[in-house]
Amino acid sequence: MSSPCSTSAVLVVFMALAVGVGAEQSTERSCDVIGDESSESQMERALLKKLEPLSQMRFNVTVEKGKTENYVYHFRVCREVNSTVHDFGGLVQMDRQSGRTTVIGRINETQVFNGSDWIMLIYKGGDSYGRHCSGEKRRAVIMISCKRGVTASSFSIISEEREKEQDCFYLFEMDSSVACPAEDSHLSVGSILLITFASLIAIYIIGGFLYQRLVVGAKGMEQFPHFAFWQDLGNLVADGCDFVCRSKPRNAPAAYRGVGDDQLGEESEERDDHLLPM
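Labelled according to an unreviewed UniProt entry, the protein chain appears under the name Cation-dependent mannose-6-phosphate receptor, originating from Thalassarche chlororhynchos.

Structure below.
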């Protein structure tokens with residue numbers, strides 16, 4: 001009886017271990033900024049979070065230089081190109097002729113900083129150079145420029161600097177909207193004040209109308225809030241305009257005199273004289 005129970009327990013433990021290993025493998029590593037976690041600045045954390053929408057995308061570019069160089073560069077943003085290898089490779093070069101892969105930069109040695117409309121992502125700790133650059137480790141520099149409306153595009157290699165004694169690097173560029181600054185509101189201060197004022201006027205008129213109609217029980221023009229006040233104000237404004245805008249005294253005679261009734265009467269009698277019988 002004990003043997004089947006022991007076998008079942010072993011199987012349960014084995015399945016639990018297998019599930020744990022599978023879960024660990026399914027979790028992809030992300031960028032780790034150079035230095036201790038406590039030394040990471042708020043700006044670096046914010047930039048890494050800003051780049052997160054690109055983490056599920058893969059980028060490739062092919063470079064051919066005659067018959068000697070035929071490479072494909074594979075790049076991911078803050079993720080491993082090949083998560084099954086667990087080499088932290090964020091940008092990998094593959095030789096299409098020999099099939100050899102070279103890690104240009106690793107995500108566990110990341111630097112990130114930005115400008116007004118660009119983000120610079122640097123992967124250090126790549127595979128060592130051979131005869132170049134004093135055998136130092138390779139480094140990938142990716143310039144992400146702002147392009148609104150595009151999640152990511154135009155990934156390409158600009159150059160490879162390997163003729164120096166040290167500080168050699170591969171330079172790449174791409175376009176993405178994540179590097180763009182937040183768009184400022186196009187409304188000026190005056191426009192905001194005007195909209196606020198118009199909103200308050202609308203609230204006053206609608207609220208006052210409902211109060212006068214539903215609470216006071218007013219009808220007709222009396223439903224307008226403070227109708228008597230605005231009526232008096234309108235009269236005062238009209239009197240003021242009449243006083244200011246008139247250019248002549250009120251008692252001055254009119255420049256044009258119309259035809260009076262007395263003139264019409266006299267003229268009609270004179271014209272009728274020839275109609276009388278002789």
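1. Some words on the layout of surface pockets
There is about 500 Å³ of room inside the largest pocket. What lines the largest pocket is a set of 21 residues, and nearest its centre among them are Y71, Q93, R138, R162 and Y170. Elements with a minimum of two residues in the lining of the largest pocket: β1 (58–65), β2 (69–76), β3 (89–95) and β7 (153–161). Counting residues per element, the lining of the largest pocket draws most heavily on β7, which supplies four residues. Its residues assigned to classes, the lining of the largest pocket comprises seven nonpolar, six polar and eight charged. Approximately 170 Å³ is the volume attributed to the second largest pocket. Lining the second largest pocket, in full, are H74, V81, N82, V85, D87, V92, T101, T102, V103 and D127. Residue contributions to the lining of the second largest pocket peak at three residues, all from strand β4 (residues 101–114).

2. Things to note about the side chain of D95
Mapped onto the fold, D95 is located in strand β3. Setting aside chain neighbours within four positions, we find D95 in contact with N70, Y71 and R100.

3. Points about the nonpolar core
L51, Y73, F75, L91, Y123 and I142 are the most contacted members of the largest nonpolar core, which totals 34 residues. Those elements that place two or more of their residues in this core are α2 (42–50), β1, β2, β4, β5 (118–125), β6 (140–146) and β8 (169–176). Once residues lying within four places of it in the same chain are set aside, the contact partners of L51 are V77, V112, I119, L121, I144 and V178.

4. Focus on the UniProt feature "transmembrane region" (unreviewed entry) in the protein chain
Look at the UniProt record and you will see "transmembrane region" (unreviewed entry) annotated at residues 187–211. Structurally, residues 187–211 is divided into 92% helix and 0% strand, and its ends, taken at the C-alpha atoms, are 34 Å apart.

5. Observations concerning the state of the cysteines
Tallied over the full model, the rule gives three disulfides. Between C31 and C78 runs a disulfide, and the two sulfur atoms are separated by 2.1 Å. In this structure, the disulfide formed by C31 and C78 twists by about -100 degrees around the S-S bond and is classed as left-handed. In this pair, C31 sits in the loop between α1 (2–26) and α2 while C78 sits in the loop between β2 and β3, placing the two residues 47 residues apart along the sequence. Overall, C78 belongs to the buried group, its relative accessible area being 6%. For the protein chain, the bonded cysteines connect in the pattern 1-2, 3-5, 4-6 when numbered consecutively along the sequence.

Procedures and definitions
Residues numbered from 1 in each chain as written. Predicted model: local features only at pLDDT ≥ 70, side-chain atom pairs only at ≥ 80, totals over all residues. Heavy atoms only, no water. 1 Å grid on protein atoms, 1.4 Å probe; cavity = no way out; pocket = protein on both sides within 12 Å on 5 of 7 lines; lining within 4 Å. Points joined across faces, edges and corners; volume = space filled by probe spheres on them. Helix = DSSP H or I, 4+ residues; strand = E, 2+ residues; numbered from the N terminus. Nonpolar A, V, L, I, M, F, W, Y, C, P; charged D, E, K, R; others polar. Contact = heavy atoms within 4.5 Å. Core = buried A, V, L, I, M, F, W, Y, C linked by side-chain atoms within 4.5 Å. Buried < 20%, exposed > 50% of the residue type's maximum accessible area, 1.4 Å probe, protein only. UniProt positions renumbered as here; feature names shortened; annotations may be inferred. Disulfide = S-S within 2.5 Å.

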